[in-house]
Amino acid sequence: MAATTPAADTAQKQAITLKVNRKTYKLDVEPRETLLDVLRERLDLTGSKKGCDHGQCGACTVHVDGRTANACLLLAVMQQGREITTIEGIAPGGKTNGQERLHPLQAAFIKHDGLQCGYCTPGQIMSGVAVLRDGHADSPAEIREWMSGNICRCGAYAGIVAAIESVKKGDTIG
Amino acid sequence: MTQVCKTSKAIGGMGHSMKRKEDGRFLQGKGNYVDDIKLDGMLYMDIVRSPYAYAKIKKIDSEAALKVPGVLAVITGRDLEQYNLHWMPTLMSDTQMVLPTDTVMYQAQEVAAIIATSRYAARDGREAVRVEYEVMKPVIDPFKALDPSAPVLRTDKPGKTDNHIWHWEVGDKARTEAVFASADVVVKEQMHIPRIHVASIETCGCVADYSKVNNHLTMYMTTQAPHAIRTVIALVAGHVGLTEEKVRVISPDIGGGFGGKVPVYPGYVIAIAASFLIGKPVKWIEDRSENLQADSFARDYHITAEMAGTKDGKILATRFKVLADHGYTDASANPSKFPTGMFSIATGSYDYGTTFMEADAIYTNKPPGGVAYRCSFRVTEAVHAIERMTDRYALEIGKDPAQLRFDNFIPKEAFPWHSPTGWIYDSGDYEAGLRKAMDAIDYEGLRKEQTEKRAKGELMGIGISTFTEVVGAGPSKDFDILGIKMFDSAEIRVHPTGKAIARFGTKSQGQGHETTYAQIIAEELGIPAENIQIEEGDTDTAPYGLGTYASRSTPTAGAAAAVAARKLRDKARKIAAYLLEVSEDDLEWEPGKFFVKGAPEKSKTIQELVFAAYTNHPQGMEAGFEATHYYDPPNLTFPSGAYICVVDIDKETGEIKVRRFVAIDDCGNIINPMIVQGQVHGGLTQGIAPAMYESLIYDDDGNILNGTLMDYLVPTAVESPNWETGHTITPSPHHPIGAKGVGESPTVGAPPAIANAIVDALSPYGITHLDIPITPFKVWKALKEKGAI
């Protein structure tokens, strides 16, 4: 094994301020670090998942200033001054009967069996919330089209679509 | 037959659509997958991979890489060779390089590993490693691999003179040939079941944590079979001190497995070696392209399929000849005695006299694999062959393919049925399934509509698949992997207050075991399922088992749970007799309590009896309330299904639209209808995938042409049709709860239903077969060649 004492980490770092889930974080990052890696590795917000790192699977979907984005395709240094919401920040907070209160779409995913292995689920929820909020849930076909950036390899699409539809009909989305 | 719930909703035993216990954490982003694990001092590993399919390594220059900030080490095959860790066994007792010392055998093969203080530094290091190759002409086309002019690839094997791995055959060759020679009708097609990939959204990875202080390895890894992996690690690395008691494998939440997380990949071994040498935890998480390009593929069977029959539609014989492209090594995940897995189920759901099947496996310069992708060891290939040929035969003699199936089904009174290849089908009612599917979809109406559309030149197709699976491996007399018998296990501990924890040798990857196993125990003991915690995946705590794949969890570990729970119920009966001062024979059970026959007011609940086991147990009886069972199934289980697909095809563009898809499954008794439906939806989605979209494509030089999710077409919500599902219930007669397993049936049954529908639509133009994936271009080209457009 060719080994060495690692050279000092001389990478240029930049001090930035990120607003994530209504909290403010100050940290030093390399300009090349993606938002996804910073969320997961620096802020311990591991709910956003890495499925492809190329914007092709949707598992890392977050909201940036209210718009959905693949966190793996964003550089953290460019997100200053923006409101970032991850799966950890989507629920209203607080507890009911000892259970953490869920966002209506999270509850609908349980009811309609919209998940299996759970890996793509945070991204599905983030996209689903946006689809509902932005008015793209008027029919199953429209939901399928607008959710097509999120792959569920377990194939729980029927449950995902039903969950979004049910929240749309119940009109309980915030 | 319908299923009745024997327990109340509060108990939540079998048949209740209990909401999944695992959902809460997944929905909140609180699942704990391998890449979410962070240990103090953890290092990161990245891997240099070969750009060539076949090349000699002339030099690996690590100098520049070692100067990259954060890089600690570069590991090559020569380094591992010093510890005799540069080779490892495959699950099929072949051998595979961990890291090469002189030759690379497929594109994306591991060449060297970088260990660094961060993920980014490791990737920088990877880019800085310089490797000089001498490129050689690879063997890519499997049909040319056995040419005398083809280079012999496995020169590491002394005396190897060709690229042949093994020959396998089953059936009665002479009798089959005689039937074929005299049959009125013989149909034949050459078909390819394409090389595909599981493409779980979580890639593979691990954190290898070796402690120099106590010479102990904790291996967090994405594995469907943690116990078997611990044994494999001990077999591979025992000679350097990692004997089995010093190894703990923890399989945390898994983001989809589908068979791709059964094998041991070189990255795992290198991470262990790195942690062992450096003494710090090493994390390795492959990226998406590495996953698609280097991890085990599935399928890739070239099948010459033939069926012989009478003019009026009685099947007489089948013959299947397979060329299996295994890539660089035989890294399939089959039981040892079954090099083609359960391919010999290819006689299907039909009652006829004779068959002959043979297969030859060969080496090529492609990644190794042959895993059972959501399929019980090559059942998918078998079912595609028989179901395609059944339709092909119907087309040849001009008979309705549904009627032809009715005329050939194994009758329900013939079970247990002995197949010509040696299986004993435990149970089935194929006619009921197909009738139900035809009624659900209005088969007669569709055929009428099709006739009208054909008159107008429009393309509409109806495809049927009536398949039989063989799952639940398996009985120890026949089934082992690397010598370890394929039983599975359950251990139930009920605490004094009547709440329980149960541990299993399997490992859920989305199947919902935390819920369904709890329901099985609730069914047997009457303890509410919500009070039963299920754990899997930690080899230090769970009983030994062979893991979750091939639809084996319910048939094996699910059975173990029922048997272990029944042992506890027997103990509860003894305690009840003691407390109620009656004979055991005077007691009756209803879910949740024992009561005295004829005096139901005299009763003890299961919670009271459990409490007594710790506080007031009869003298001479062992205290406590725990049971373990290792379940060795007496036979496999044989789920079946009847699927009907309707497609409309645009003649000008070849675009295929799946209009309807009805799936009637028979998986025996159902534990949780909601979870079964989810499994069926998922399986169907992974069935339409190879039927219409997915295949790994290589050029003549062995370059993969679709190694990212941008061009490897995994179905999204848009491509997935509206699945219409239903059931017939024929309980397994030998399984303790009459269940059969369901997760894979739809992946197995859907592709031929879709292919049959498409070919049915195109058959007026003389098209008799198209290989999957059937793309619009393939359809358009076939129509063009036949002069239809």
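Remember, predicted model here, so these are calculated numbers, not experimental data. (Residues numbered from 1 in each chain as written. Chains lettered and ligands numbered in written order. Predicted model: local features only at pLDDT ≥ 70, side-chain atom pairs only at ≥ 80, totals over all residues. Heavy atoms only, no water.)

Peer 1: Explain the UniProt feature "domain: Aldehyde oxidase/xanthine dehydrogenase a/b hammerhead" (unreviewed entry) in chain B residue by residue, including any values.
Peer 2: In the numbering adopted here, UniProt assigns the feature "domain: Aldehyde oxidase/xanthine dehydrogenase a/b hammerhead" (unreviewed entry) to residues 28-137 of chain B. Helix and strand shares over residues 28-137 of chain B are 17% and 37% respectively, and the end C-alpha atoms of the span are 51 Å apart. (UniProt positions renumbered as here; feature names shortened; annotations may be inferred. Helix = DSSP H or I, 4+ residues; strand = E, 2+ residues; numbered from the N terminus.)

Peer 1: Please provide a residue-by-residue account of helix 1 (residues 35-42) of chain A, values included.
Peer 2: All names here are of chain A. Across the 8 residues that make up helix 1, a large majority, 6, are buried. Residues of helix 1 that are buried include every one of Leu35, Leu36, Asp37, Val38, Leu39 and Arg40, and no others. Note on helix 1: the residue one or two positions beyond its end, Asp44, has a positive phi of about 55°. (Buried < 20%, exposed > 50% of the residue type's maximum accessible area, 1.4 Å probe, protein only.)

Peer 1: A description of the interface of chain B and chain A should follow, citing residues and the corresponding values.
Peer 2: Many authors give the size of an interface as the accessible area that is lost as the parts come together. On the side of chain A, 51 residues touch chain B, which itself brings 67 residues to the contact. The contact between chain B and chain A buries some 5,000 Å² in all, and 56% of this surface belongs to carbon and sulfur atoms. Counting the surface chain B buries against chain A, the share from its top three residues, Leu27, Tyr120 and Ile201 of chain B, is 17%. Where chain B meets chain A, there are 8 salt bridges. Across the pair Asp124 of chain B and Arg32 of chain A runs a salt bridge, and its minimum N-O distance is 2.7 Å. In this assembly, chain B and chain A are joined by 32 residue pairs in polar contact (both at pLDDT 80 or more). Among the secondary structure elements, those contributing two or more residues to the side of chain B that touches chain A are helix 1 (23-27), strand 3 (71-76), helix 4 (119-128), helix 7 (266-278) and helix 16 (673-693) of chain B. Broken down by element, the residue count for the side of chain B that touches chain A peaks at 9 residues, all from helix 16 of chain B. Of the strand pairs in this sheet, strand 1 (residues 2-3) of chain A and strand 3 of chain B are connected by 2 bridges, and their pairing is antiparallel. (Contact = heavy atoms within 4.5 Å. Buried area = accessible area lost by both parts, 1.4 Å probe. Salt bridge = Lys/Arg side-chain N within 4 Å of Asp/Glu carboxyl O. Polar contact = N/O pair within 3.5 Å; in protein donor to acceptor, adjacent residues only side chain to side chain. Pairing = 2+ DSSP bridges.)

Peer 1: Please set out the side chain of Glu22 of chain B residue by residue, giving values where relevant.
Peer 2: Residues and elements named next belong to chain B. With respect to the helices and strands, Glu22 occurs in the segment before helix 1. Buried and unpaired, Glu22 has Arg20 as its nearest opposite-charge partner, separated by 4.4 Å. At a separation of 2.6 Å, a polar atom in the side chain of Glu22 contacts the side chain of Thr515. What Glu22 contacts, discounting residues up to four positions off in sequence, is Gly512, His513, Glu514 and Thr515. (Lys, Arg positive; Asp, Glu negative; His and termini not counted.)

Peer 1: Kindly report on the sheet that holds strand 27 (residues 587-590) of chain B, identifying the contributing residues and their values.
Peer 2: Residues and elements named next belong to chain B. The sheet built from 3 strands is open, its strands ordered 27-28-29 with antiparallel pairing. With one partner strand each, in any of the chains shown, strand 27 and strand 29 (599-605) form the two edges of the open sheet. Recorded for the sheet is a direction-independent mean angle of 35° between the axes of neighbouring strands. Across 4 bridges, strand 28 (residues 593-596) lies against strand 29 in antiparallel orientation. Its bridge partner being in strand 29, Val596 is matched across the sheet by Ala599. Packing against the sheet, helix 14 (residues 553-580) makes contact with strand 27, strand 28 and strand 29, and its axis sits at approximately 40° to strand 28. Sheet contacts for helix 15 (residues 606-615): strand 27, strand 28 and strand 29; angle to strand 29, the most-contacted strand, approximately 50°. (Axes fitted to C-alpha atoms, helices over the stretch in contact; angles between N-to-C directions.)

Peer 1: So what's going on with the packing of aromatic side chains? Which residues, and what values?
Peer 2: Per the stated rule, a full pass over the model turns up 27 aromatic pairs over all chains. For the pair Tyr119 of chain A and Tyr33 of chain B, a centre-to-centre distance of 4.9 Å together with 90° between the ring planes defines the contact as edge-to-face. With Tyr119 of chain A in the loop between helix 2 (104-111) and helix 3 (121-133) and Tyr33 of chain B in the loop between helix 1 and strand 1 (43-49), the pair connects residues from two separate chains. An identical accessibility class is assigned to Tyr119 of chain A and Tyr33 of chain B; each is buried. Grouped by ring-pair contacts, the aromatic residues Tyr350, Phe406, Phe409, Phe415 and Tyr430 of chain B constitute a single cluster. Arg25 of chain B extends its terminal NZ or CZ atom over the ring of Phe26 of chain B, reaching a point 4.8 Å from the ring centre. (Phe/Tyr/Trp six-rings, centres within 6.5 Å; stacked < 30°, edge-to-face > 60°. Lys NZ or Arg CZ within 6 Å of the ring centre and 35° of its normal.)

Peer 1: How would you explain the sheet that holds strand 32 (residues 656-666) of chain B if you had to name every residue and give the values?
Peer 2: Residue and element names in this part refer to chain B. One open sheet holds the 4 strands; their spatial order is 21-31-32-33, and the pairing between them is mixed. Every interior strand has two partners, whereas the edge strands, strand 21 (459-468) and strand 33 (723-727), have only one. Across the sheet, the axes of successive neighbouring strands diverge by a mean angle of 15°, strand direction being ignored. Pairing of strand 31 (residues 640-649) with strand 32 involves 10 bridges; the strand directions are antiparallel. Paired with Ile649 across the bridge in strand 32 is Ile656. The strands that helix 16 touches are strand 31, strand 32 and strand 33; relative to strand 33, the one it contacts most, it runs at about 130°.

Peer 1: Before we move on, can you summarise the state of the cysteines with the specific residues and values?
Peer 2: Residues and elements named next belong to chain B. Applying the stated rule across the entire model yields 0 disulfides over all chains. With no disulfide partner, Cys667 has as its closest neighbouring cysteine sulfur the one in Cys5, 14 Å distant. Look at Cys667 and you get buried, because its relative accessible area is 4%. (Disulfide = S-S within 2.5 Å.)

Peer 1: Could you give an account of empty space enclosed by the protein, with specific residues and numbers?
Peer 2: All names here are of chain B. Under the criterion given, the structure shown has 11 cavities of 30 Å³ or more. In this structure, the largest cavity spans a volume of roughly 490 Å³. Residue lining of the largest cavity: 33 residues in total, with Gln511, Thr554, Gln679, Val742 and Gly743 positioned closest to the centre. Put simply, the parts of the chain that give the lining of the largest cavity at least two residues each are helix 13 (513-525), helix 14 and helix 16. Across the lining of the largest cavity, the residue classes break down as 12 nonpolar, 17 polar and 4 charged. Roughly 120 Å³ of internal volume is contained in the second largest cavity. (1 Å grid on protein atoms, 1.4 Å probe; cavity = no way out; pocket = protein on both sides within 12 Å on 5 of 7 lines; lining within 4 Å. Points joined across faces, edges and corners; volume = space filled by probe spheres on them. Nonpolar A, V, L, I, M, F, W, Y, C, P; charged D, E, K, R; others polar.)

Peer 1: Please provide a residue-by-residue account of helix 12 (residues 443-455) of chain B, values included.
Peer 2: Residue and element names in this part refer to chain B. With 13 residues, helix 12 extends 19 Å from end C-alpha to end C-alpha; this agrees with the ideal 18 Å at 1.5 Å per step. Listed in full, the buried residues belonging to helix 12 are Tyr443, Leu446, Arg447, Gln450 and Lys453. All buried residues of helix 12 fall inside an arc of 125° around its axis, so they share one side. Facing away from the buried surface of helix 12 by more than 90 degrees, the exposed residues are Glu444, Lys448, Thr451, Glu452 and Ala455. For helix 12, the elements touching its buried residues are helix 10 (401-408), helix 11 (430-441), strand 21, strand 31, strand 32 and helix 17 (745-762). Two residues or fewer past helix 12, Gly457 is found with a positive phi of approximately 85°. (Expected span 1.5 Å × (residues − 1). Arc of directions from axis to C-beta.)

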